[in-house]
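# Remarks on the overall topology
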Amino acid sequence: MASRFNALKADAAWQKVWEENRTFAARNDSSLPRAYVLEMFPYPSGRIHMGHVRNYTMGDVLARYKRMTGHEVLHPMGWDAFGMPAENAAMEKGVAPGGWTRDNIATMKAQLKRLGFALDWTRELATCEPDYYGHEQALFLDLYAAGLVYRKESAVNWDPVDMTVLANEQVIDGRGWRSGALVEKRKLSQWFLKITQFADELLEGLKSLDHWPDKVKLMQENWIGKSSGLTFRFALTNGSDEIEVFSTRPDTIFGASFVAVAADHPIAQAHAADNVEALAFIERCKQGGTTAAEIETQEKLGYDTGLKAIHPLDASIELPVYIANFVLMDYGSGAVMGVPAHDQRDLDFARKYGLDVRRVVAEGDKTDPVFDGDEAYTGSGALVNSAFLDGMPVEEAKRAVIARAEAEGWGHGSTVYRLRDWGVSRQRYWGTPIPIVHCDACGPVPVPKSELPVELPHDVTFDVPGNPLDRHPTWKHVDCPSCGKPARRETDTLDTFVDSSWYFIRFASQPDDKPFDREAAEKWLPVGQYIGGVEHAILHLLYARFWTRALKHIGMLDIDEPFAGLFTQGMVTHETYKAADGRWLGPAEVENGVEIATGQPVEIGRVEKMSKSKKNTVDPEPIVDQYGADAVRWFMLSDSPPERDLPWSEAGIEGSWRFVQRLWRLFDGLEDAEGEDKALDRKLHQTIAGVAEDIEALSFNKAVAKLYELVAAIEKAAPSASRTNATRALMRLVSPMVPHVAEEAWAAAGHDGLVANAPWPAVDPALLVEDEVTIAIQVNGKLRDTLTLPKGTDRAATEAAALASDKVVRLLDGKAPKKVIVVPDRLVNLVA
Ligand code: ANZ
Ligand code: ZN
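Summarised in this report is the structure supplied together with it. A quick note: this is a predicted structure, and the numbers were derived from the prediction, not measured. Along each chain, numbering runs from 1 in the same order as the chain's sequence is written. Labels follow written order: the first chain is A, the first ligand is 1, and so on. Confidence filtering applies because this is a predicted model: local features only for residues at pLDDT of at least 70, side-chain atom pairs given and counted only at 80 or more, and all residues used for totals across whole chains, interfaces and linings. Where side-chain values are given, they derive from all heavy atoms of the structure, hydrogens and water being excluded.

### Quick notes on the overall build of the protein chain
Within the protein chain, the regular secondary structure consists of 26 helices and 35 strands. Projected onto the principal axes, the alpha-carbon positions of the protein chain cover approximately 115 × 75 × 65 Å. Whether a residue is buried, partly exposed or exposed follows from its accessible area with a 1.4 Å probe, protein chains only, as a fraction of its type maximum: under 20%, in between, or over 50%, in that order. Counting across all 832 residues of the protein chain, residues that qualify as buried make up 52%. Accessible surface, the protein chain as shown: approximately 36600 Å² in total, 50% of it carbon and sulfur. Here the protein chain contributes 92 positively and 121 negatively charged side chains, and the mean placements of these two sets differ by 4 Å. Helix and strand assignments come from DSSP, with helices taken as H or I runs of at least 4 residues and strands as E runs of at least 2, each series counted from the N terminus. Note on areas: Shrake-Rupley, 1.4 Å probe, and residue coverage restricted to the protein chains presented here. Charge assignment: positive for Lys and Arg, negative for Asp and Glu; neither His nor the chain ends contribute. Where a charge lies is defined by one atom per residue type, namely NZ (Lys), CZ (Arg), CG (Asp) and CD (Glu).

Have a look at this one:
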C-alpha cells in the first residue's frame with residue numbers, strides 16, 4: 001500500500017534544508033538574467049492572516065518558477081514596522097512599542113517560514129531599526145539639501161483624542177479613523193516633500209507602465225488630477241484689491257454671477273479683520289474635514305462681503321464677492337468665478353442666495369438667457385448670450401477667451417493639479433525621527449550626517465495622550481549643530497509611507513555606510529513583479545514612484561519607475577455569523593448553522609473580507625498544522641482567479657489536502673516501465689508550456705487546472721516510459737506551488753540536488769500540436785467506422801486506409817465502390 005505524505009515532517013525537514021543551503025539567497029554578482037519579485041511587506045500586527053498567505057504564495061510561485069527558468073531571483077521580505085498600533089499597544093497594555101513590534105516580527109517570521117516561502121531572509125529588514133531609519137534620515141537630508149523638503153504652516157486634520165494630525169484618508173465621515181472623534185482643522189508647522197514638482201512626470205510615467213492594472217493607473221491619474229484652463233484676475237470696485245481665479249470653463253465667463261473666495265483667502269481674512277460676522281462665518285467653515293469628498297457633500301454656505309468684482313470683458317457688470325465653504329484655498333488660486341447655469345455647485349449656491357442664473361451654452365434649442373430649474377447644464381453646445389463668443393462651440397470659445405485674456409493682459413492659460421505636496425510630519429513617537437534641530441538663532445538646522453541615526457529614546461511614557469518625544473525630559477534638548485547654542489530637536493516623526501517608499505531599494509544591497517549601493521540597485525531595479533493589495537493603489541505606489549524620481553533628480557539612482565509590473569490580488573473572504581443577540585461569531589463557534597456553545601441557530605450573513613471586527617477570520621497557523629503548507633498554498637491558488645476574492649472553505653482546503661496526497665501516491669508509485677504513450681507525451685508537453693504561460697501571466701488558477709488534468713491523465717495511463725517520464729516532470733511542474741511534496745518526491749526518486757534548483761522541464765514544440773486526426777468512414781452516407789491517421793494525410797493514402805478497414809471490406813463484400821469522396825483530415829464517403 002502506498003504510504004501517506006507526512007506534511008508535518010516533510011515541511012520542517014525541507015525548510016531546514018533550504019535554510020541551511022541558503023537556497024534562496026540572491027547573489028548580487030550573478031551573471032544570470034535577474035528577476036525581482038516582491039510582495040508588499042507586512043505590518044507586524046502580531047500574526048499573519050490569510051491575506052498575507054495568499055499574497056505571498058502568489059509571489060512565491062512566480063519566484064520559484066523564475067529560478068527554474070534560469071533567473072537570479074531576488075525575493076526578499078521585511079517589516080513595515082513603525083506606526084500607530086505599537087503605540088496603541090503601549091497605551092493599552094503598557095508594553096514598549098519596540099518590544100511589542102519585535103515580538104510580533106519573531107512570531108510572524110516563524111509563521112511565514114512554516115509556509116515554505118522561497119525568501120531571501122539574509123536581506124530581511126525592519127523599518128523600525130536604526131540601521132534602516134538612519135539611512136532614511138540621510139536620504140531626507142539629501143532631499144532637503146536639494147530643495148525638495150520644506151516647512152510650512154498648514155491646515156491639518158487634528159484628532160483631538162489621539163492628539164495627532166491625520167492624513168486625509170484617515171478622516172472618515174469627518175471623524176478620526178481610529179478614535180472616532182470629530183476632526184478639527186488646525187494650523188501647524190509641518191514638513192513637506194515637494195511631490196507636486198513631479199506631478200507631470202508622475203502622470204506621464206503612467207503611460208510606460210504596461211504591466212500595471214488600468215484601474216490603478218486611472219486612480220493615480222485622478223489623484224494627480226491635471227486640469228487646464230484660464231487663470232485670470234477680477235479687479236474690485238474698491239480700486240485696491242484684485243482676485244485671481246482659476247477656471248476650466250473660461251468659455252462660460254459671460255455666465256458668471258458671483259465670485260467666491262476660500263475662508264483662508266487673504267481677501268476673506270482682511271475682510272474679517274474688522275467684521276465679526278465674517279469672522280464667525282470663517283470659523284464655521286473650519287469645522288468638518290478637509291477631504292474633497294467631504295467638501296463636496298457639505299451644504300454650500302456663503303457670506304456676502306459686499307465687495308464687488310468687475311467683469312474683465314464688460315466693465316458695466318459687477319459681481320458680488322462671497323466667502324464660500326466649498327472653495328479650497330490650496331487648489332488653483334483659492335477663488336472661483338461662479339457660473340450657476342453650467343456648474344451644479346454654483347447653481348445650488350445661486351439658488352440659495354438668490355443670484356442670477358444666466359444661460360451661456362445652448363442646450364439643444366434652449367437659448368433663453370433665463371435659466372430655469374435646479375440642474376446645471378454641463379454638456380456641449382454653441383455659446384449664446386456671450387457677445388463675441390456667440391455661436392462658437394465650447395472648446396473654440398475656451399481658446400478664444402484665453403487668447404483675449406492673454407492679449408489684454410488680464411489672464412493666462414494655465415494648468416493646475418489636484419495633487420498636493422506630501423505632508424510627512426507626524427506628532428507620534430513610533431516613527432523615524434526627523435533629523436532636524438531647531439535653533440532660535442539659526443532656524444531649522446540639519447543634523448550632521450556623521451551624527452545619524454538620530455535614535456528614538458527608549459524611556460518614554462504613554463500614560464497621557466500626545467507625543468512622548470515632545471515631553472521627554474532630555475531627548476530634545478541638544479546644542480545647535482551650527483552655532484552651538486542650546487536648541488531643540490524636531491519631535492515630529494516621518495509618515496510611515498516614507499519608510500515604504502524606498503525599502504525595495506534597500507533590499508538590493510545593504511551597505512552600512514549608505515542607504516544603498518547604486519550599482520546593485522540599478523541592476524535589480526525596477527521590481528519586475530510587485531504584488532499587493534489594491535488598498536495601496538494610490539498613496540504607497542505614488543509615494544514610492546515619487547521617491548524614486550526624487551533620487552534620480554538628485555543624481556543618486558538612474559531609475560524612473562520602481563515597479564515595472566504590478567498585480568493587485570483579491571481578498572480572502574468568509575461567511576459571517578451572528579448570534580440572535582447580535583454578537584458576531586467566528587467560524588469555529590458555529591456548526592451546521594448553530595452556535596456550538598448555546599445550541600441556538602445563528603444568522604448566516606454575507607461572504608465578506610476576513611476581518612477581526614466581524615470575527616470571520618480563519619487563522620492560518622492551525623490550518624497549516626492540520627493540513628501542511630502545501631495544501632494551504634494549493635488552496636490559495638485554486639478556484640478563484642487571483643485578482644478576485646477567494647472564499648475560504650473547509651471543503652476547499654480538504655480538497656487541496658487530498659490532491660497533495662494524490663500527488664504523493666503518483667510520486668511514490670513511480671517505477672520504470674517500457675513503451676511509448678503518445679497521447680500522454682502530448683498532454684505533458686502541452687501542460688509544461690501552458691503552466692509556464694499561466695504562471696508568467698499570474699493566472700495561477702488556470703495553471704492549477706492544467707495540473708489537475710495532467711495528474712488525471714497520468715493516473716489513467718497504463719505503465720509506460722512516457723508515464724514514468726511524465727511523473728518525474730510533474731514533480732518539477734508542481735514544485736512552485738507545493739514545494740515540500742515535490743522535494744520529498746524528487747529526493748525519493750533518486751535525483752541529486754533540490755527540485756528548487758532543477759530547471760523547468762523543456763518543451764518539445766512538436767508535441768504541442770495535435771498531430772493525429774479522427775476520420776469518419778461512411779458507406780452510403782452512414783457512419784460505419786473511424787480511423788486515426790496522421791494529420792495532413794493525403795487523399796490517396798486516406799482512401800487506401802478507408803478501403804482497408806475490416807468493416808468496409810465486409811460491407812462492400814469484395815466489390816469496388818462506385819464512387820469515393822475524400823475530405824482530408826475529416827471523412828471518407830463510399831458509395832456502394
Ligand atoms: C467656472 C466654471 C464654470 C467652472 C463651469 C466649472 C464649470 P477641476 O475640473 O476639478 O479642475 N474651482 C477652481 N478653483 C477652485 C477652488 N480653489 N475650490 C473649489 N473650486 C474651484 O475644477 C475646476 C473648476 O473648479 C474651475 O472651473 C472652478 O469652477 C472650480 F461651468 O470655473 B470653474
Ligand atoms: Zn544655531
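### Some words on the nonpolar core
What makes a nonpolar core is a set of buried Ala, Val, Leu, Ile, Met, Phe, Trp, Tyr and Cys residues whose side-chain atoms join them at distances within 4.5 Å. If you look at the biggest cluster of nonpolar residues, it comprises 173 residues, and the most contacted ones within it are Phe140, Phe504, Trp547, Trp648, Ile695 and Leu730. In terms of nonpolar packing, the next biggest core, distinct from the first, is built from 58 residues, Phe258, Leu313, Leu355 and Leu383 among them.

### Let's talk about the coordination of the zinc ion (ligand 2)
Tetrahedral coordination by four donors puts the ideal angle at the metal at 109.5 degrees, and octahedral coordination by six puts it at 90 or 180 degrees. Listed donor atoms are N, O and S within 2.8 Å of the metal (Na, K and Ca: 3.2 Å). As water is not included, a site may look incomplete. Surrounding the zinc ion (ligand 2) are the protein donor atoms Cys439 (SG), Cys442 (SG), Cys480 (SG) and Cys483 (SG), at 2.2 to 2.4 Å. In these descriptions, tetrahedral denotes four donors with every angle between 85 and 135 degrees, square planar four donors and octahedral six donors with opposite donors over 155 degrees apart and the rest between 65 and 115, and irregular any other case. Around the zinc ion (ligand 2) sit four donor atoms, and with donor-metal-donor angles ranging over 105 to 114° the site reads as tetrahedral. Taken in chain order, the donor set of the zinc ion (ligand 2) reads C-x2-C-x37-C-x2-C. Taking the relative accessible area as the measure of exposure, Cys480 reaches 4% and is therefore buried. Residue Cys483 is classed as partly exposed on the basis of its relative accessible area, which comes to 35%.

### A closer look at the site of ligand 1
Throughout this document, a residue counts as near a molecule or strand when at least one of its heavy atoms sits within 4 Å of that molecule or strand. If you check the shell around ligand 1, you find 18 residues, and the closest are Ser227, Ser247, Leu328, Tyr331 and Arg418. Between Tyr331 and ligand 1, the recorded distance is 2.3 Å, taken from a side-chain N or O atom to an oxygen atom. Distance and chemistry together define a polar contact, namely a pair of N or O atoms within 3.5 Å, with one atom able to donate a hydrogen and the other to accept it when in protein, and with adjacent residues in sequence counting only for side-chain atoms on both sides. At a separation of 3.2 Å, a nitrogen atom of ligand 1 approaches a polar side-chain atom of Arg345. By the convention adopted, Pro, Cys, Tyr, Trp, Phe, Met, Ile, Leu, Val and Ala count as nonpolar, Lys, Arg, Asp and Glu as charged, and the other residues, Gly among them, as polar. Along the lines of polarity and charge, the residues of the shell around ligand 1 split into eight nonpolar, six polar and four charged.

### Description of the packing of helix 19 (residues 629-637) against helix 20 (residues 650-668)
Two packed helices can be described by the angle between their axes and the distance between those axes. Every angle, taken between N-to-C directions, lies between 0 and 180 degrees, and every axis is a line fitted to C-alpha atoms, over only the stretch in contact when it is a helix. Viewed as axis vectors pointing N to C, helix 19 and helix 20 meet at an angle of 120°, and their least axial separation amounts to 8 Å. Put simply, helix 19 runs oblique to helix 20. As for how helix 19 packs across helix 20, the hand of that crossing is right-handed. Packed against helix 19, whose contacting residues are Asp630, Ala631, Val632, Trp634 and Phe635, the element helix 20 presents Gly652, Ile653, Ser656, Trp657, Phe659 and Val660 at the interface. The residue makeup of the contact of helix 19 with helix 20, split by class, is eight nonpolar, two polar and one charged. The scheme is simple: roughly parallel for angles under 35 degrees, roughly antiparallel for over 145, roughly perpendicular for 65 to 115, oblique for anything else. Less than a right angle of anticlockwise turn of the near helix away from the far helix marks a crossing as left-handed, whereas a clockwise turn marks it as right-handed. Residues are treated as being in contact if the distance between any of their heavy atoms lies within 4.5 Å.

### So, unusual backbone geometry
Cis geometry marks the peptide bond from Leu452 to Pro453; its omega dihedral reads -5°. When you line up the elements, Pro453 lands in the loop between strand 20 (443-446) and helix 13 (468-471). Note that the residue after Leu525, namely Pro526, is joined by a cis bond; omega there is 0°. Take Pro526: it is sitting in the loop between helix 16 (518-524) and strand 24 (529-533). Although it is not a glycine, Asn780 adopts a positive phi angle of roughly 50°. Examined against the element boundaries, Asn780 turns out to sit in the loop between strand 32 (772-779) and strand 33 (782-790).

### Overview of the sheet that holds strand 20
With antiparallel pairing, four strands are arranged side by side in an open sheet as 20-19-22-21. Each having just a single partner strand, strand 20 and strand 21 (477-479) make up the two edges of the open sheet. Ignoring strand direction, the axes of neighbouring strands in this sheet form an average angle of 40°. Any two strands with at least two DSSP bridges between them are considered paired. Pairing analysis gives four bridges linking strand 19 (residues 436-439) to strand 20, with the strands arranged antiparallel. Looking at the pairing, Cys439 lines up with Gly443 of strand 20.

### Remarks on the pattern of salt bridges
Whenever Lys or Arg places a side-chain nitrogen within 4 Å of a carboxyl oxygen from Asp or Glu, that contact is recorded as a salt bridge. By the definition in use, this model includes 45 salt bridges. The salt bridge involving Asp251 is made with Arg249; its shortest N-O contact spans 3.0 Å. Like Asp251, the residue Arg249 is buried in the burial classification. A salt bridge links Asp581 to Arg583, with the shortest nitrogen-to-oxygen separation between them at 2.9 Å. Look at the salt bridges and you will find they share partners, linking Glu201, Arg545, Arg549 and Glu561 into a network.

### Details of the side chain of His472
Its place among the elements puts His472 in the loop between helix 13 and strand 21. Polar contacts involving the side chain of His472 include one to the side chain of Asp459, which spans 3.0 Å. A polar contact of 3.1 Å, which involves the side chain of His472, links it to the backbone nitrogen of Thr474. Residues contacting His472, with those up to four places away along its chain left out, are Pro457, Asp459 and Val460.

### Things to note about the pairing of strand 19
Successive residues of a regular strand alternate their side chains across the two faces of the sheet. Here strand 19 shows two buried faces, one formed by Ile436 and His438 and the other by Val437 and Cys439. Linking strand 19 to strand 20, which pair antiparallel, is a turn of three residues. With two bridges connecting them, strand 19 and strand 22 (residues 486-489) associate as antiparallel partners. From the neighbouring strand, Val437 faces strand 22, where its bridge partner is Arg489.

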